[in-house]
Amino acid sequence: MIQYLPTDKAIAEYIGTYPIEVVNKHGNAKLTNQEYIRTSPDTKSQVRSEIEAGKSVKQIFTDNFESEHQPRDSKYVQNVKYHVNNEKNPFNKQNIADDMQTVINMNSAKHPFLKEIVQTTGKPPSVICYTDFQMKHFASACKSSIFGVDKTFNLGACSVTTTVFQENKLKRKGKNTNPIIMGPIYLHWDGACHTYQRFFTPIGSVLYTTNY
């Protein structure tokens, strides 16, 4: 039925049976055939508020939400919590370029722990770290003891190689043994011989040319 208005507009009314809406599962769903209903903004806001208040996922999911605002499952609450925590930690938003810019800024500010940035073609920069106090004891220990080298995996995006040495000038209280102290640290991206050469050569040069 069409009703014409005094102006150049008209109102059209369709008469008939409205088809039953069929709600299918989400297109990315792989583990469930449950129909997908988009979460309401009120539910998102309430879940987020309770996460920021420090409630656990279980507490939030079992809270007395109004029926139309009930989260569809605990996984949804976990996802919201994950995003809230990421927003609170600015470092989670950084990529390698951001991290390296932070390192360069630290180097420009003469950070006492960051000693050298090693740039190699085709790789992100590597970083050599130690303090002058640390190197003083490391150099002294190298004259009378062996130092250890260990490449640590799964510590982050890059590999971390640490050096350790036995400090003969100190004794552990009660055990009367020499403690193991950490020496220079190397942040790098692979275990190639050339990569380690870029670490040990500067360290050797410092030990040779500096009167520690």
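My aim in this report is to walk through the structure given alongside it, one point at a time. (Residues numbered from 1 in each chain as written. Predicted model: local features only at pLDDT ≥ 70, side-chain atom pairs only at ≥ 80, totals over all residues. Heavy atoms only, no water.)

## Examining the overall build of the protein chain
When you go through the protein chain residue by residue, the secondary structure sums to six helices and seven strands. Written out in order from the N terminus, the α and β elements of the protein chain read β-β-α-α-α-α-β-β-α-β-β-β-α. Sorting the 212 residues of the protein chain into buried and exposed places 25% on the buried side. Across the protein chain, contacts joining residues at least 24 apart in sequence account for 43% of those joining residues at least 6 apart. Surface exposure of the protein chain reaches about 15700 Å², of which carbon and sulfur atoms provide 55%. (Helix = DSSP H or I, 4+ residues; strand = E, 2+ residues; numbered from the N terminus. Buried < 20%, exposed > 50% of the residue type's maximum accessible area, 1.4 Å probe, protein only. Contact = heavy atoms within 4.5 Å. Areas by Shrake-Rupley, 256 points an atom, 1.4 Å probe, with all protein chains shown as cover.)

## Quick word on the sheet that holds strand β4 (residues 126-129)
If you walk across this open sheet you meet the five strands as β3-β4-β7-β6-β5, and the pairing is antiparallel. One side of each edge strand has no neighbouring strand; the edge strands of this open sheet are β3 (114-118) and β5 (148-152). Going from strand to strand, the sheet's axes swing by 20° on average, the running direction of each strand aside. Looking at chain direction, β3 and β4 are connected through four bridges and run antiparallel. Residue E116 lies in a different strand from β4, and its bridge partner there is I128. Across the sheet, helix α6 (residues 193-209) is in contact with β3, β4, β5, β6 (159-166) and β7 (180-188); its angle to β7 comes to roughly 130°. (Pairing = 2+ DSSP bridges. Axes fitted to C-alpha atoms, helices over the stretch in contact; angles between N-to-C directions.)

## Details of unusual backbone geometry
Trans is the common state for peptide bonds, and a negative phi is the common state for residues other than glycine. Positive phi, close to 60°, is recorded for K110, a residue that is not glycine. With respect to the helices and strands, the residue K110 is situated in the loop between α4 (96-108) and β3. Even without being glycine, N176 reaches a positive phi, approximately 60°. You can see N176 is positioned in the loop between β6 and β7. By relative accessible area, which is 55% here, N176 ends up exposed.

## Concerning the pattern of salt bridges
Opposite charge on two side chains allows them to pair when their charged atoms are near. Applying the stated criterion to the full structure yields four salt bridges. In this structure, the salt-bridge partner of D132 is K115, at a minimum N-O distance of 3.2 Å. With D132 in helix α5 (residues 132-142) and K115 in strand β3, this residue pair connects regions lying 17 residues apart in the sequence. For the salt bridge of D190 with K123, the shortest nitrogen-to-oxygen distance reads 2.7 Å. With D190 in the loop between β7 and α6 and K123 in the loop between β3 and β4, this pair connects stretches of sequence that are 67 residues apart. On the accessibility criterion, K123 (29% relative accessible area) is partly exposed. (Salt bridge = Lys/Arg side-chain N within 4 Å of Asp/Glu carboxyl O.)

## Things to note about the nonpolar core
Within the largest apolar cluster, 11 residues are counted, these being V118, I128, Y130, M135, F138, A141, F165, Y186, F199, I203 and V206. Grouped together as the second largest cluster of nonpolar side chains are eight residues, V47, I51, V57 and Y76 included. (Core = buried A, V, L, I, M, F, W, Y, C linked by side-chain atoms within 4.5 Å.)

## Some thoughts on the packing of aromatic side chains
Per the counting criterion, the structure on display carries six aromatic pairs. In this structure an aromatic cluster arises from ring pairing among Y186, Y196, F199 and F200. (Phe/Tyr/Trp six-rings, centres within 6.5 Å; stacked < 30°, edge-to-face > 60°.)

## What about the packing of α5 against α6?
With their axes 11 Å apart at the nearest point, α5 and α6 run at an angle of 80° to one another. Between α5 and α6, the angle is such that the two are roughly perpendicular. For the pair formed by α5 and α6, the contact residues are M135, F138 and A139 on the first element and I203, V206 and L207 on the second. (Parallel < 35°, antiparallel > 145°, perpendicular 65-115°, else oblique.)

## Concerning the side chain of S159
Position of S159 among the secondary structure elements: in strand β6. S159 has contacts with K151, T152, Y186, L187 and H188, leaving out every residue within four places of it along the chain.

## Considerations on the side chain of T195
Relative to the helices and strands, T195 resides in helix α6. Look at T195 and you get buried, because its relative accessible area is 7%. Apart from residues lying up to four places away in sequence, T195 is in contact with K123, Y186, H188 and D190.

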